[in-house]
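# Survey of secondary and tertiary structure
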Amino acid sequence: MRRREMLYAAGGGLLSPASLAAMQVGRAAPSSSKKIRLGIVGGGFGTQFSFHEHPNCTVTAVTDLRADRRARMQQVFRCDTAYPSYEEMLKQEKRLDAVAIFSGALDHVKHVEAAMNRGLHVYCAVPTCQTLDEAARLKSVVERTGLKYMLGETSYYRPGCIHARHLHDSGALGEIFYSEINYYHDRGDLGELVENKKTRFYEPDGSRSWRWGLAPMQYPTHCLGFVVGVTRERIRSVSALGWGSQHPYLTENRYKNPYWNESALMETDKGHMVRCNVFWLVGEDGERANWYGSNGTLYMANTGRHGDLFQKRLSKAEAVKYPDYLQDKMIPPSMRHASGHGGSHVFLSAEFINALVEDRKPVIDVYDALAMMVPGIIAHQSALKGGERMKVPSFDKA
Ligand SMILES: NC(=O)c1ccc[n+]([C@@H]2O[C@H](COP(=O)([O-])OP(=O)(O)OC[C@H]3O[C@@H](n4cnc5c(N)ncnc54)[C@H](O)[C@@H]3O)[C@@H](O)[C@H]2O)c1
């Protein structure tokens, strides 16, 4: 056996690089002439998605409160119809089957409810929700209406996460007893943060946007996507700490959040350990994880300092070369191009439309979406209580 093949020979069976490459990323795109008529709200981050390139989707209408963003959306999504607000779109546009929501974080649950109460399926950007009350409302509206909900968590389709899922499912990592999950998104020059009103921390009128002062752990899905999206485990308890300094971002925010950075130790329902960091002030950036299993470890790249590595126990670490996941059958050929957040945007767009055409549940359903979010809400509460270990409520199906 060649050395590289040896690398994957572990635990539950022998797995060659060729068989790893053959593992599917998702269910194949359906062959159908059905068209999903989609409405999209939010012309900032939202314009980075490619629903309109899917052969089974037409972007029927777009909306943003800002005229410049509406115009951009019409251009990107090749769409004739634009509405001045989401509320107007839902009231007037009769042709829709589904909506994709890219409004600010504080409006997500309200906007999901409005769509589902009108009988529309929903794709929603992260974060899932902001409070336990919103978590319960989200679960309730999805269960009551029976409509399809998908969270657009970009970590789920990063190559490292797809690979970790495959290694986990094949047994090559063994039992993953510990994961390090990180989301580092530095807020930049602290003087400019206050002075420069052109950044995303401000609305066009100069008022502070929803991002200003948001607690790190209120945005945990990029991290927890690497746990829920790999082993499907749930977090059952958490203890967290936070660090902040005297800066208007922390002393003058609507959330009363005093922290730039929060770090949590979490326990899963299988008794495994997770160390979760969300930092807003840090000399590093990116979303990545290291998974430690009883047979080996997978390390995602540390901001270019080294490539991704796989290290089997008792062996040397070796560079991981990912298969070309873009060629996976889940992506229609018209969508096989580079996209944001580790190439994840085309996967998320394709999966949502594929699922609606097939009339099946998309990946990252409401239960996974809440499992990627609620531990962060509790972690922030724990940090505010000096690290008290707290139980994380379950929002899984009863
Ligand atoms: N990697 C990721 O998954 C990732 C990355 C970036 C942003 N996001 C998420 O995507 C969402 C959008 O991000 P953004 O940076 O564009 O935020 P943003 O605040 O700049 O944009 C939100 C847009 O929604 C519009 N909007 C709000 N309410 C509306 C309404 N009632 N009707 C019509 N339009 C309305 C606003 O006018 C605004 O243009 C956020 O929730 C953010 O958390 C996720």
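In what follows, the structure referred to is the one given above.
Quick look at the structure, then. (Residues numbered from 1 in each chain as written. Predicted model: local features only at pLDDT ≥ 70, side-chain atom pairs only at ≥ 80, totals over all residues. Heavy atoms only, no water.)

## Some thoughts on the site of the ligand
- Taken together, 27 residues sit near the ligand, with F45, D64, H108, V126 and Y219 positioned nearest.
- In the environment of the ligand, a nitrogen atom lies 3.3 Å from a nitrogen or oxygen atom belonging to the side chain of H222.
- Within the complex, 89% of the 850 Å² of free accessible area of the ligand lies under protein.
- For the shell around the ligand, the secondary-structure elements that each account for two or more residues are α4 (86-92) and α5 (108-117).
- Classifying every residue of the shell around the ligand gives 11 nonpolar, 12 polar and four charged. (Near = heavy atom within 4 Å. Polar contact = N/O pair within 3.5 Å; in protein donor to acceptor, adjacent residues only side chain to side chain. Areas by Shrake-Rupley, 256 points an atom, 1.4 Å probe, with all protein chains shown as cover. Helix = DSSP H or I, 4+ residues; strand = E, 2+ residues; numbered from the N terminus. Nonpolar A, V, L, I, M, F, W, Y, C, P; charged D, E, K, R; others polar.)

## Observations regarding the pairing of strand β12 (residues 296-299)
- Sheet topology note: the strand β11 (residues 286-293)/β12 ladder contains three bridges and is antiparallel. In the strand pairing of β12, N290 is matched with Y299.
- Hairpin connection, β11 to β12: the antiparallel pair is bridged by two residues.
- Both β12 and strand β13 (residues 309-312) contribute to a ladder of four bridges, which runs antiparallel. Bridging from a neighbouring strand, L298 pairs with F310 of β13. (Pairing = 2+ DSSP bridges.)

## Looking at the pattern of salt bridges
- If you walk through the whole model with that rule in mind, you get 19 salt bridges.
- A salt bridge links E358 to R360, with the nearest nitrogen and oxygen atoms 2.5 Å apart.
- Judged by relative accessible area, which is 28%, E358 ranks as partly exposed.
- Residue classification places R360 among the buried residues on the basis of a relative accessible area of 11%.
- For K361, the salt bridge goes to D365, with nearest N and O atoms at 2.8 Å.
- Look at K361 and you get exposed, because its relative accessible area is 54%.
- Using a relative accessible area of 8% as the deciding quantity, one classes D365 as buried.
- Connected through shared salt-bridge partners, R27, E351, E358 and R360 make up one network. (Salt bridge = Lys/Arg side-chain N within 4 Å of Asp/Glu carboxyl O. Buried < 20%, exposed > 50% of the residue type's maximum accessible area, 1.4 Å probe, protein only.)

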